[in-house]
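# Observations on the three-dimensional arrangement
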Amino acid sequence: MNEQLAREEICRIGKSLFDRSYVHATAGNISVRIEDGFLITPTDACLGFLDPDRLAKIDIHGQQLSGDKASKTMALHAAIYNKARQFDQDTSCIIHTHSTHCVALTLESNPFTDDGVLPELLPAITPYFVMKVGHVPTIPYASPGSVKTIGFVEKAIEAYGRAGIPLRACMLSRLGPYVWNNSPSSAMATLEELEETAKLFYLKNVPINSLTDAQLNELRTAFAVRW
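Residues numbered from 1 in each chain as written. Predicted model: local features only at pLDDT ≥ 70, side-chain atom pairs only at ≥ 80, totals over all residues. Heavy atoms only, no water.

## Notes on the overall build of the protein
The following threshold applies: Secondary structure elements are defined from DSSP: runs of H or I of at least 4 residues count as helices, runs of E of at least 2 residues count as strands, and each element is numbered from the N terminus. Atoms counted for the radius of gyration: C-alpha only. Globule rule: 2.2 Å times residue count to the power 0.38. When a residue's accessible area, from a 1.4 Å probe over protein chains only, is under 20% of the maximum for its type it is buried; when over 50% it is exposed; and in between it is partly exposed. Contacts are residue-level and defined by heavy atoms, with any inter-residue pair within 4.5 Å sufficient. Only four residue types enter the charge count: Lys and Arg as positive, Asp and Glu as negative, with His and the chain ends excluded. Every charge is mapped onto a representative atom, which is NZ of Lys, CZ of Arg, CG of Asp or CD of Glu.
Helix and strand content of the protein: 7 helices and 8 strands. By the compact-globule yardstick of 17 Å for 227 residues, the protein fits well, its C-alpha radius of gyration being 17 Å. Dimensions of the protein, computed from C-alpha atoms along their principal axes, come out at roughly 50 × 35 × 35 Å. Out of the 227 residues in the protein, the part that is buried amounts to 52%. When contacts within the protein are restricted to residue pairs at least 6 apart in sequence, long-range pairs at least 24 apart make up 65% of them. Taking the 21 positively charged and 25 negatively charged side chains of the protein as two groups, their mean positions are separated by 2 Å.

## Regarding unusual backbone geometry
For aspartate 44, which is not a glycine, the phi torsion comes out positive at approximately 60°. Checked against the element boundaries, aspartate 44 lands in the loop between β2 (37–40) and β3 (56–59). At alanine 224, a position not held by glycine, the phi torsion is positive, near 55°.

## Describing the sheet that holds strand β7 (residues 169–172)
So the rule is basically this: Strands pair, by our definition, only if DSSP identifies at least two bridges between them. Here an angle of 0 to 180 degrees is reported between the N-to-C directions of two axes, which are lines fitted to C-alpha atoms, with helices fitted over the stretch in contact.
Taken together, 8 strands build an open sheet; the order of strands is β4-β3-β2-β1-β5-β8-β7-β6 and the sheet is mixed. Each of the sheet's edge strands pairs with one partner strand only, and the pair in question is β4 (64–66) and β6 (138–139). Note: β3 against β4, 2 bridges, orientation antiparallel. What sits directly across from lysine 57, in β4, is serine 66. On the sheet, helix α1 (residues 3–19) packs against β1 (29–34), β2, β3, β4 and β5 (93–96) and is oriented at approximately 160° with respect to β1. On top of the sheet, helix α6 (residues 184–202) reaches β1, β5, β7 and β8 (176–181); it is set at about 140° to β8, its chief contact.

## Details of the pattern of salt bridges
When their charged atoms lie close together, side chains carrying opposite charge are able to pair. The test is simple: By convention in these notes, a salt bridge is any Lys or Arg side-chain nitrogen within 4 Å of a carboxyl oxygen on Asp or Glu.
The tally for this structure, following the rule as stated, stands at 10 salt bridges. Note that glutamate 3 is salt-bridged to lysine 57, the shortest N-O span being 2.8 Å. Remark: lysine 57 occurs in strand β3 and glutamate 3 occurs in helix α1; sequence separation between them is 54 residues. In this structure glutamate 3 comes out as partly exposed when scored by relative accessible area, which is 25%. For lysine 57, a relative accessible area of 11% puts it in the buried group. Measuring nitrogen to oxygen at the nearest pair gives 3.1 Å for the salt bridge that ties aspartate 36 to lysine 57.

## Some remarks on the packing of aromatic side chains
Counted only if it meets this: When the centres of two rings from Phe, Tyr and Trp lie within 6.5 Å, Trp using its six-membered ring, the rings pair. Their planes under 30 degrees apart give stacked, over 60 give edge-to-face, and anything left gives tilted. Two conditions define a charge sitting above a ring: the NZ of Lys or the CZ of Arg must be within 6 Å of the ring centre, and it must be within 35 degrees of the ring normal.
This model, assessed by the stated rule, comprises 3 aromatic pairs. The interplanar angle of 65° and the centroid separation of 6.0 Å between the aromatic rings of phenylalanine 129 and tryptophan 227 together place this pair among those described as edge-to-face. With phenylalanine 129 in helix α4 (residues 127–132) and tryptophan 227 in the segment after α7 (213–223), this residue pair connects regions lying 98 residues apart in the sequence. The two residues phenylalanine 129 and tryptophan 227 agree in class, both being buried. The lysine or arginine in question, lysine 204, covers the ring of phenylalanine 201, its NZ or CZ lying 4.2 Å from the ring centre.

Written out as structure tokens, the structure is:
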């Protein structure tokens, strides 16, 4: 994707998410990997009112070249691109939001143990969650922009990738999801499916069973799902 189209797509996706209440206030950020670096939304920008010319442009060494001050999460975005592209070379867009129902699912308990295995945000409760999102490991809480988060996310992408399951998302406890895909539109669709599945799970009045092994195998066969 060329730079001008990437600028326009970031603004289009940001406005779409804002208009439909997937983001609010100045929460969240969007980045796109371009040939000579990255574009990312400015710090404390409202995604509903972005200016293509004011997006921050970052070179491949992490230095800002133009635009308003880059989001403080740029280091995490760069780390995700670097690690995710080892398992899916088409990874080219990352979206981070403070999606209400995703965040709500991380407020109820402390699921972390000392075994180093990250808990997952959601079980496989719908076929489209399995097909369009996949596994979503939950990352322990750290303050926004903390470098501690980078190591956890990198390890998660590495572990799942080596198991033949390239991740498309992870969930930062009490902050929100990061999702990535091969285009801004695809990343937005991943985010939407994740938040809507979290909403279903959060609003449940009775226990929800996961899809059975047989049902998951059917999805693997029909849609090449890596679950």
